[in-house]
Amino acid sequence: MIFRKREVFDPDYLPEEIPFREKQISQLVSCIDPALQGFAPLNALCLGPPSTGKTSTIRFVLRRASDLETFHCSYIRCPTSKDSYKIFSKIFRDVFSQQPPLSGVSKSVLVEKIWSKLEKPLLVVLDDVNFLTSECASEVIYEILKAPDEHGVKVGIFAAATDVRFPLHLDPFAGAVFRYFEVFYPPYGRGEIREILLRRVKEGFSEGCLSDEAFERVVDIASGAADVRYGIFLLKTAGLIAESRRALRVEVDDVERAHEGEAVPFLAKALAALNSEERAVLGIICSVREISTGELYSLLSGEVRMSYRKFYDVLEKLERLRLVDIAFGEKGVGRTRYVHAKFGEEVFEKAMKLL
Ligand SMILES: Nc1ncnc2c1ncn2[C@@H]1O[C@H](COP(=O)(O)OP(=O)(O)OP(=O)(O)O)[C@@H](O)[C@H]1O
Ligand SMILES: [Mg+2]
């Protein structure tokens, strides 16, 4: 048996401990504290790049607090509830444990019903709130936060977003009522990613069923992509591949296959939207893995004619699409910038063939 507990690799698995997020957890706990004593929870805005533990820490503090039953909580995944009617229907269901009145009831009637029957403080979590249009986010936030004044209820909002500019997109009405504590989630470093994945491995795999080499490869890929979630996905997929070949241990090849199986279609889709110059630049980066922007430009000049200005635009686009990473070199002279490939040459060539 390769897996001891396969569910620890599921996307919605919430571990017993969330290392490296003690500060964020304690900030969220202080925002919930008033609700434990019958007051309104304080608003919080969780900001940070994808996969940095925003959802996990929110669920973590809610798991501990909601046993106490001193307040209601409604957890909304904005990508699946994209309009305000759906959001208030979900709040209704969560608070009253029953279906909202049949459709036909207007949103304002629905909202009225919620406030008029609400007996305990309410915390609304708007997770991935940047998936809502700014009109919708503004409307929902304003509707919720004006309720204390208009209906005497006690409410607060936890919102999570990847775009730090999110608050700027709110309209002035929502902006004026949405006062919040900012909880910031910096990207994890390599050591942190390794530790998080190691804990998952100990919990999820049977002892000795993952080779050290395979594990280090997963850490490399996950930290190259700055994505713990992808690392967890690779562990699970590599485990399934090893199982399907009836092996007793996950080897580095299983990881490579899992990564390729995911990376090739992803890259092919991205390539389809690039023009031939952009593909040429990306192809060179993938073949050398790491290169300074200056060297890259001279390599490229041998193949395509492109102005330096245009070259920079292309690099910026590739970075925005998360196809490459650009960073200042640590030891570089002056402000040398280095481009890092996220995919190897083989993955790039296989993806090109799919076009
Ligand atoms: N500190 C941590 N300890 C353990 N697991 C973690 C930690 N941080 C993230 N994870 C795991 O990584 C994955 C992504 O985390 P999470 O969903 O909380 O990130 P997020 O910031 O909400 O990302 P997104 O912006 O994409 O919604 C989850 O599987 C989660 O269990
Ligand atoms: Mg999330």
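Residues numbered from 1 in each chain as written. Chains lettered and ligands numbered in written order. Predicted model: local features only at pLDDT ≥ 70, side-chain atom pairs only at ≥ 80, totals over all residues. Heavy atoms only, no water.

A closer look at the overall build of the protein chain
Right, so step 1: A tally of regular secondary structure across the protein chain gives 15 helices and 8 strands.
Right, so step 2: Once the C-alpha set of the protein chain is aligned to its principal axes, its extents read approximately 70 × 55 × 40 Å.
Right, so step 3: Per-residue burial for the protein chain yields a buried fraction of 46% across its 355 residues.
Right, so step 4: Counted over contacts in the protein chain with a minimum sequence separation of 6, partners at least 24 positions apart contribute 72%.
Right, so step 5: Per element, the accessible surface of the protein chain, about 18,400 Å² overall, is 51% carbon and sulfur.
Right, so step 6: Placing the 49 positive and 52 negative side-chain charges of the protein chain at their respective mean positions leaves the two points 2 Å apart. (Helix = DSSP H or I, 4+ residues; strand = E, 2+ residues; numbered from the N terminus. Buried < 20%, exposed > 50% of the residue type's maximum accessible area, 1.4 Å probe, protein only. Contact = heavy atoms within 4.5 Å. Areas by Shrake-Rupley, 256 points an atom, 1.4 Å probe, with all protein chains shown as cover. Lys, Arg positive; Asp, Glu negative; His and termini not counted. Charge placed at Lys NZ, Arg CZ, Asp CG, Glu CD.)

Things to note about the domain arrangement of the protein chain
Right, so step 1: Under the domain assignment used here, the protein chain contains domain 1 (22–184), domain 2 (189–269) and domain 3 (273–353).
Right, so step 2: Spacing between the C-alpha centres of domain 1 and domain 3 amounts to 41 Å. (Domains from an automatic or database assignment.)

Things to note about the site of ligand 1
Right, so step 1: Taken together, 19 residues lie near ligand 1, and P19, K54, T55, S56 and Y188 sit nearest.
Right, so step 2: A distance of 2.7 Å separates an oxygen atom of ligand 1 from a polar atom in the side chain of K54.
Right, so step 3: Separating an oxygen atom of ligand 1 from a side-chain N or O atom of S56 is a distance of 2.6 Å.
Right, so step 4: For ligand 1, whose accessible area on its own is 630 Å², the fraction buried by protein is 93%. (Near = heavy atom within 4 Å. Polar contact = N/O pair within 3.5 Å; in protein donor to acceptor, adjacent residues only side chain to side chain.)

Some remarks on the packing of helix 8 (residues 190–204) against helix 9 (residues 212–224)
Right, so step 1: For the pair helix 8 and helix 9, interaxial distance at closest approach is 10 Å and the crossing angle is 135°. The orientation of helix 8 relative to helix 9 falls into the category oblique. For helix 8 against helix 9, the interelement crossing comes out right-handed. On the side of helix 8, the interface is formed by R190, I193, R194, L197, L198 and V201, while helix 9 contributes F215, E216, V218, V219, D220, A222 and S223.
Right, so step 2: When grouped by side-chain class, the residues that make up the contact of helix 8 with helix 9 number 8 nonpolar, 1 polar and 4 charged. (Axes fitted to C-alpha atoms, helices over the stretch in contact; angles between N-to-C directions. Parallel < 35°, antiparallel > 145°, perpendicular 65-115°, else oblique. Left-handed = near helix turned anticlockwise from the far one by under 90°. Nonpolar A, V, L, I, M, F, W, Y, C, P; charged D, E, K, R; others polar.)

Description of the packing of aromatic side chains
Each aromatic ring pair is characterised by the separation of its centres together with the angle its planes make.
Right, so step 1: By the definition in use, this model includes 13 aromatic pairs.
Right, so step 2: Between the aromatic rings of F9 and F205, the centroid separation amounts to 5.0 Å while the plane-to-plane angle is 45°, which identifies the pairing as tilted. Residue F9 is located in the segment before helix 1 (22–36), and its partner F205 is located in the loop between helix 8 and helix 9; the two are separated by 196 residues in the primary sequence.
Right, so step 3: For F205, a relative accessible area of 2% gives the class buried.
Right, so step 4: Between Y230 and F233, the aromatic rings sit 5.7 Å apart at their centres with planes inclined by 15°, giving stacked as the arrangement. Residue Y230 and its partner F233 are both found in helix 10 (residues 228–244); the two are separated by 3 residues, about one turn of the helix.
Right, so step 5: Looking at Y230, the relative accessible area reads 15%, which means it is buried. (Phe/Tyr/Trp six-rings, centres within 6.5 Å; stacked < 30°, edge-to-face > 60°.)

Observations concerning the sheet that holds strand 8 (residues 337–341)
Right, so step 1: Taken together, 3 strands build an open sheet; the order of strands is 6-8-7 and the sheet is antiparallel. Lying at the two open borders of the sheet, with one neighbouring strand each, are strand 6 (290–292) and strand 7 (324–328). When strand polarity is set aside, the average angle formed by the axes of neighbouring strands in this sheet is 25°.
Right, so step 2: Strand direction decides the pairing type here: strand 7 and strand 8, joined by 5 bridges, are antiparallel. In the strand pairing of strand 8, V324 is matched with A341.
Right, so step 3: Helix 12 (residues 276–288) rests against strand 6, strand 7 and strand 8 of the sheet, and its axis sits at about 85° to strand 8.
Right, so step 4: Lying over the sheet, helix 14 (residues 308–320) contacts strand 7 and strand 8, oriented at roughly 115° with respect to strand 7. (Pairing = 2+ DSSP bridges.)

Here we look at the nonpolar core
Right, so step 1: Counting residues in each nonpolar core, the largest one holds 36 residues, and the members touching the most others are I91, W115, L126 and I144.
Right, so step 2: Where this core is concerned, the elements lending two or more residues are strand 1 (44–47), helix 3 (84–96), helix 4 (107–117), strand 3 (122–127), helix 5 (134–145) and strand 4 (155–161).
Right, so step 3: Once you skip the residues sitting within four places of it in the chain, L126 turns out to touch I76, C78, I87, V140, I141, I157, F158, A159 and A160.
Right, so step 4: Counting residues in hydrophobic clusters, the runner-up holds 31 residues, among them I193, C209, L210 and A222. (Core = buried A, V, L, I, M, F, W, Y, C linked by side-chain atoms within 4.5 Å.)

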